[in-house]
Amino acid sequence: MGLHETVDVDLSPDELERFSRHLTLPEVGMNGQKRLKAASVLCVGSGGLGSPLLLYLAAAGVGNIGIVDFDVVELSNLQRQVIHGTSWVGQAKTHSARARILEINPHCQVDVYEKALRRDNAFEIIQPYDIVCDCTDNFPSRYLVNDACVLLGKPSIYGSIHRFEGQATVFNLDAESPNYRDLVPEPPPAGLVPSCVEGGVMGILPGLIGLIQSAEVIKIITGIGTTLSGRLLVVDALAMTFREMALRPSQPRVVIDQLIDYQDFCGSGADKPAHEKVAGLESISVKGLKSLLDLGAEDFALVDVRNPNEAEIACIAGSELIPLNKIESGEAIEKVRQLASGRRLYVYCKLGGRSAKALTTLKRHGIEGVNVTGGIDAWAKEVDRSLPRY
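Small disclaimer: the values here were computed from a predicted structure and weren't measured.

**Q** I tried to follow unusual backbone geometry on my own but got confused; where do I start?
**A** What you tend to see is this: most non-glycine residues have negative phi, and most peptide bonds are trans. Residue P252 is bonded to the preceding Q251 through a cis peptide linkage, with omega at -5°. For P252, the location among the structural elements is in the loop between β8 (241–246) and α11 (262–266). Despite not being glycine, R163 shows a phi value in the positive range, around 55°. The residue R163 is located in the loop between β5 (156–162) and β6 (165–171) in this model. On the accessibility criterion, R163 (39% relative accessible area) is partly exposed. One non-glycine residue, M240, lies in the positive phi region at around 50°.

Listed below in structure tokens is the structure:
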């Protein structure tokens with residue numbers, strides 16, 4: 001069945017009332033609502049972007065929604081992931097999202113895939129759906145979703161967020177449409193773009209972008225309006241500005257003929273702990289660090305390379321705050337050198353990635369140190385449970 005064909009489905013009396021505001025829109029009407037009911041949409045990710053998108057696709061009457069996510073609900077998610085609630089903390093996001101969708105629209109069929117989308121399962125998961133929504137938060141997943149959609153001929157509705165800025169567009173709507181590789185031909189160096197964990201995100205921003213994504217889905221299904229295909233919408237929530245940039249297929253186009261190893265392609269090593277990403281980097285567990293602190297030794301220095309606002313939330317007692325950007329700029333090199341003089345240097349951040357970067361920079365200046373595996377997050381989980389996690 002084509003998305004824009006007249007469909008042979010019926011709307012129940014409950015659905016006629018439920019979707020009456022759509023039915024009275026001439027652009028949607030009865031046929032458009034039937035198309036929504038007959039359509040199937042896959043959402044890869046049910047976090048910040050996926051939350052509003054799923055809520056509004058369900059409310060609009062999309063008949064079959066698939067959700068791919070392997071994560072569980074955490075308290076820190078609730079600032080922006082509005083489909084989840086406090087009572088679901090610690091439980092699978094897919095099940096939390098499914099329960100909320102069925103509260104909004106009990107006529108919706110919800111398929112859940114409590115797993116990561118990988119190259120060995122992407123075709124099987126994506127194939128049954130008409131449209132795919134990319135609500136992921138990392139480069140390997142974005143390239144995987146894109147390439148699978150290109151190979152299967154599926155439209156992909158793209159969104160991304162960072163701090164106060166977001167982007168949205170439509171990829172692969174037809175043979176002439178751009179795809180993600182036309183926007184980002186090569187992945188940036190690993191660690192160059194901070195994640196939301198490191199850089200933070202304004203809670204309302206994924207709501208804005210996710211709603212734009214859902215609007216594009218509804219327009220494509222019903223065949224109304226003008227989509228974002230060929231246009232990149234850039235939203236600045238601080239200035240509340242919306243800019244549009246033309247996006248065209250690159251020439252020559254990147255040939256996509258198979259799925260590849262996207263972790264390797266992006267150089268992310270995302271399946272490895274942060275302390276293992278730099279060859280030869282010595283590390284210590286948080287329990288090992290706790291033993292050193294308990295001994296009261298004075299022959300070591302502990303440096304926190306997070307941002308000052310993070311240190312205000314929680315820190316390890318006795319640590320010296322020296323943000324990573326001051327180390328990478330060279331401003332704090334001599335300060336660290338003085339701290340490490342005659343002492344063993346230990347460095348931590350939130351999860352271990354930034355501290356590994358700091359130690360790599362310090363090593364180039366002749367300063368050796370030890371990375372604290374898992375950072376303060378592991379410390380709060382394994383050593384001091386009274387500390388808040390963020």
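**Q** Would you explain the nonpolar core in this entry?
**A** Generally speaking, soluble globular proteins have nonpolar side chains that are buried together. By size, the foremost hydrophobic cluster in this structure holds 39 residues, and its most contacted members are I65 and I101. It is helix α10 (residues 205–222) that provides the largest number of residues to this core, a total of seven residues. Contacts of I65, omitting those with residues within four sequence positions, involve V41, L54, L57, A58, I101, C108, Q109, V110, D111 and Y129. By size, the runner-up hydrophobic cluster in this structure holds 23 residues, among which are V132, C149, L247 and Y262.

**Q** For this particular structure, what's the right way to read the sheet that holds β6?
**A** Backbone-to-backbone hydrogen bonds pair the strands of a sheet. The strands run either parallel or antiparallel. As summarised here, the arrangement of the eight strands in space is β3-β2-β1-β4-β5-β6-β7-β8, forming an open sheet in which the pairing is mixed. The open sheet has two edge strands with one neighbour each: β3 (109–113) and β8. Strand-to-strand twist in this sheet, taken as the mean axis angle between neighbours without regard to direction, amounts to 15°. Judged from the four bridges that link them, β6 and strand β7 (residues 231–236) form a sheet pairing that is antiparallel. Considered in β7, the bridge of G166 is made with V235.

**Q** Can you help me understand the packing of aromatic side chains in this one?
**A** Counted under the stated rule, the structure contains seven aromatic pairs. Their ring planes at 70° and their centres at 5.0 Å tell us that Y143 and Y180 sit as a pair that is edge-to-face. Taken together, the residues span a long stretch of sequence, with Y143 in helix α7 (residues 139–152) and Y180 in helix α8 (residues 180–183) at a distance of 37 residues. As far as the burial class goes, Y143 and Y180 line up, both buried. Of the aromatic side chains, those joined through ring pairs into one cluster are Y143, Y158, F171, Y180 and F265. The ring of F139 is capped by R142, whose NZ or CZ atom sits 5.2 Å from the centre of that ring.

**Q** Please explain the pairing of strand β2 (residues 64–68) as it appears in this structure.
**A** Most of β2 sits out of view: five of its five residues are buried. Of the two faces of β2, both are covered, the one formed by N64, G66 and V68 as well as the one formed by I65 and I67. Pairing of strand β1 (residues 40–44) with β2, which is carried by five bridges, proceeds in the parallel orientation. In the strand pairing of β2, V44 is matched with V68. Handedness of the crossover joining β1 and β2 through helix α4 (residues 50–60): right-handed. As paired strands, β2 and β3 are joined by five bridges and run parallel to one another. Considered in β3, the bridge of G66 is made with D111. Taking the sense of rotation as the criterion, the β-α-β connection linking β2, helix α5 (residues 93–104) and β3 turns out right-handed.

**Q** Teacher, can you tell me more about the environment of G342 here?
**A** Checked against the element boundaries, G342 lands in the loop between α15 (333–340) and β12 (344–348). In the structure, G342 is positioned 42 residues away from F300 in sequence and 8.1 Å away in space, judged by C-alpha atoms.

**Q** What am I meant to see in empty space enclosed by the protein here?
**A** Rolled over the atoms, a probe as big as a water molecule pinpoints where empty space is left. Enumeration over the complete set of coordinates arrives at one cavity of 30 Å³ or more. Roughly 40 Å³ of volume is contained in the largest cavity. Per-class residue counts for the lining of the largest cavity are three nonpolar, four polar and two charged.

**Q** Looking at this structure, I do not really get the confidence of the model for the protein. What am I missing?
**A** Detailed reading of predicted coordinates is not advised where the pLDDT is low. Summing up the model confidence of the protein, the mean pLDDT is 92 and the portion of residues at 70 or higher is 93%. Predicted confidence is poor over residues 269–278, with pLDDT under 50, and the contacts of this stretch with residues over four places away or in other chains come to 15 contacts.

**Q** Help me out: how do you make sense of the environment of G267 in this one?
**A** Residue placement: G267 occurs in the loop between α11 and β9 (283–284). Overall, the relative accessible area of 47% leaves G267 in the partly exposed class. For the pair formed by G267 and G200, sequence separation is 67 residues and the distance between their alpha carbons is 23 Å.

**Q** Can you walk me through α10 in this structure?
**A** Residues three or four positions apart in an α-helix share a direction because the helix packs 3.6 residues into each turn. The first and last C-alpha atoms of α10 sit 26 Å apart over 18 residues, in line with the 26 Å expected at 1.5 Å per residue. Among the 18 residues in α10, 15 count as buried, and that is most of the element. Following α10 by one or two positions, G223 has its phi on the positive side, about 75°.

**Q** When you look at the state of the cysteines in this model, what are you seeing that I'm missing?
**A** Two cysteines joined by a covalent bond between their sulfur atoms form a disulfide. Under the defined criterion, the tally for this structure stands at zero disulfides. With no disulfide of its own, C135 lies closest to C43 among cysteine sulfurs, the gap being 3.7 Å. For C135, a relative accessible area of 8% puts it in the buried group. The structure places no disulfide on C266, whose sulfur is separated from the nearest cysteine sulfur, that of C149, by 16 Å. With relative accessibility at 7%, the residue C266 sits in the buried group.

Reading the values: rules and limits
- Residues numbered from 1 in each chain as written.
- Predicted model: local features only at pLDDT ≥ 70, side-chain atom pairs only at ≥ 80, totals over all residues.
- Heavy atoms only, no water.
- Helix = DSSP H or I, 4+ residues; strand = E, 2+ residues; numbered from the N terminus.
- Buried < 20%, exposed > 50% of the residue type's maximum accessible area, 1.4 Å probe, protein only.
- Core = buried A, V, L, I, M, F, W, Y, C linked by side-chain atoms within 4.5 Å.
- Contact = heavy atoms within 4.5 Å.
- Pairing = 2+ DSSP bridges.
- Axes fitted to C-alpha atoms, helices over the stretch in contact; angles between N-to-C directions.
- Phe/Tyr/Trp six-rings, centres within 6.5 Å; stacked < 30°, edge-to-face > 60°.
- Lys NZ or Arg CZ within 6 Å of the ring centre and 35° of its normal.
- Right-handed = clockwise from strand over helix to strand, strands pointing away.
- 1 Å grid on protein atoms, 1.4 Å probe; cavity = no way out; pocket = protein on both sides within 12 Å on 5 of 7 lines; lining within 4 Å.
- Points joined across faces, edges and corners; volume = space filled by probe spheres on them.
- Nonpolar A, V, L, I, M, F, W, Y, C, P; charged D, E, K, R; others polar.
- pLDDT = per-residue confidence, 0-100.
- Expected span 1.5 Å × (residues − 1).
- Disulfide = S-S within 2.5 Å.

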